[in-house]
Amino acid sequence: IKQLAFAFDQNMRPCVAYRTEGNLTYLRWYDSVAQTYVTDSFGDLRDPRMTLDDKRAASAQTSDIIFAYLRGANLCYRQQRDRYTIERLIGNAPVGKLTKVGLNRGFRLQFEVDPRL
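Since we're looking at a predicted model, the values are computed, not measured. (Residues numbered from 1 in each chain as written. Predicted model: local features only at pLDDT ≥ 70, side-chain atom pairs only at ≥ 80, totals over all residues. Heavy atoms only, no water.)

A short note on the layout of surface pockets
Stage number 1. Within this model, the largest pocket holds a volume of roughly 260 Å³.
Stage number 2. Taken together, 16 residues make up the lining of the largest pocket; nearest its centre are D9, R13, S32, S63 and Q80.
Stage number 3. The dominant element in the lining of the largest pocket, judged by the number of residues it contributes, is strand 3 (residues 25-31), at three residues.
Stage number 4. Of the residues assigned to the lining of the largest pocket, the class counts are five nonpolar, six polar and five charged. (1 Å grid on protein atoms, 1.4 Å probe; cavity = no way out; pocket = protein on both sides within 12 Å on 5 of 7 lines; lining within 4 Å. Points joined across faces, edges and corners; volume = space filled by probe spheres on them. Helix = DSSP H or I, 4+ residues; strand = E, 2+ residues; numbered from the N terminus. Nonpolar A, V, L, I, M, F, W, Y, C, P; charged D, E, K, R; others polar.)

So this is what it looks like as structure tokens:
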């Protein structure tokens, strides 16, 4: 494993994304439909990052774990409510490394790509 990211859902179940030496990215998450942990493969993604999008207690019923990454020159994400099946394109990413993803002070999800890395 050469990259690792994780988050906990509102029930404190871990969700883990990891990238192997063979440049394959996997996501291990709790599937509430199957009521068990599953591991999905997403191929060659870069810089997997995880976050619980809104940690406030008032958002407990609507919060999601966000799985963000770079695919080629694009910044993309998948979310827990879709069982990570739908890839959403945010846009072209500047050259660099996805370093952070999280909720900012304006309660918006923010992504940071560091061009120096």
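Now that the structure has been shown, we can carry on.
Details of the nonpolar core
Stage number 1. Within the largest apolar cluster, 15 residues are counted, with the highest numbers of intra-cluster contacts made by C15, L27, F42, M50, I65, F67 and Y84.
Stage number 2. Secondary-structure elements contributing two or more residues to this core are strand 1 (3-8), strand 2 (14-19), strand 3, strand 5 (46-52) and strand 6 (65-71).
Stage number 3. The element contributing the most residues to this core is strand 6, with three residues.
Stage number 4. When neighbours within four sequence positions are excluded, M50 is seen to be in contact with A5, F6, A7, C15, A17, L27, I65, I66, F67 and V101.
Stage number 5. Listed in part, the nine residues of the second largest apolar core include I66, A68, L75 and Y77. (Core = buried A, V, L, I, M, F, W, Y, C linked by side-chain atoms within 4.5 Å. Buried < 20%, exposed > 50% of the residue type's maximum accessible area, 1.4 Å probe, protein only. Contact = heavy atoms within 4.5 Å.)

Things to note about the sheet that holds strand 1
Stage number 1. Reading across the sheet, the four strands line up as 1-2-3-4 and stay open at both edges, with antiparallel pairing between neighbours. Of all the strands in the sheet, just strand 1 and strand 4 (36-41) have a single pairing partner and so form its edges. Taken over all neighbouring pairs, the strand axes of this sheet differ in orientation by 15° on average, direction set aside.
Stage number 2. The pairing of strand 3 with strand 4 spans six bridges and is classified as antiparallel. If you follow D31 over to strand 4, its bridge partner there is T36. (Pairing = 2+ DSSP bridges. Axes fitted to C-alpha atoms, helices over the stretch in contact; angles between N-to-C directions.)

Notes on unusual backbone geometry
Leaving glycine out, the prevailing phi sign among residues is negative, and the prevailing peptide bond configuration is trans.
Stage number 1. Of note, M12 is a non-glycine position whose phi angle comes to about 65°, a positive value.
Stage number 2. By the element assignment, M12 lies in the loop between strand 1 and strand 2.
Stage number 3. You can call M12 exposed: its relative accessible area is 55%.

Points about the environment of R49
Stage number 1. Relative to the elements of secondary structure, R49 occurs in strand 5.
Stage number 2. Along the backbone, R49 and A7 are 42 residues apart, and their C-alpha atoms lie at a distance of 8.9 Å.
Stage number 3. Once you skip the residues sitting within four places of it in the chain, R49 turns out to touch A5, I66, F67, A68, K97, L98, T99 and V101.
Stage number 4. For R49, the side chain forms a polar contact with the main-chain oxygen of L98, separated by 3.0 Å.
Stage number 5. Of the polar contacts made by the side chain of R49, one reaches the backbone oxygen of T99; its length is 3.4 Å. (Polar contact = N/O pair within 3.5 Å; in protein donor to acceptor, adjacent residues only side chain to side chain.)

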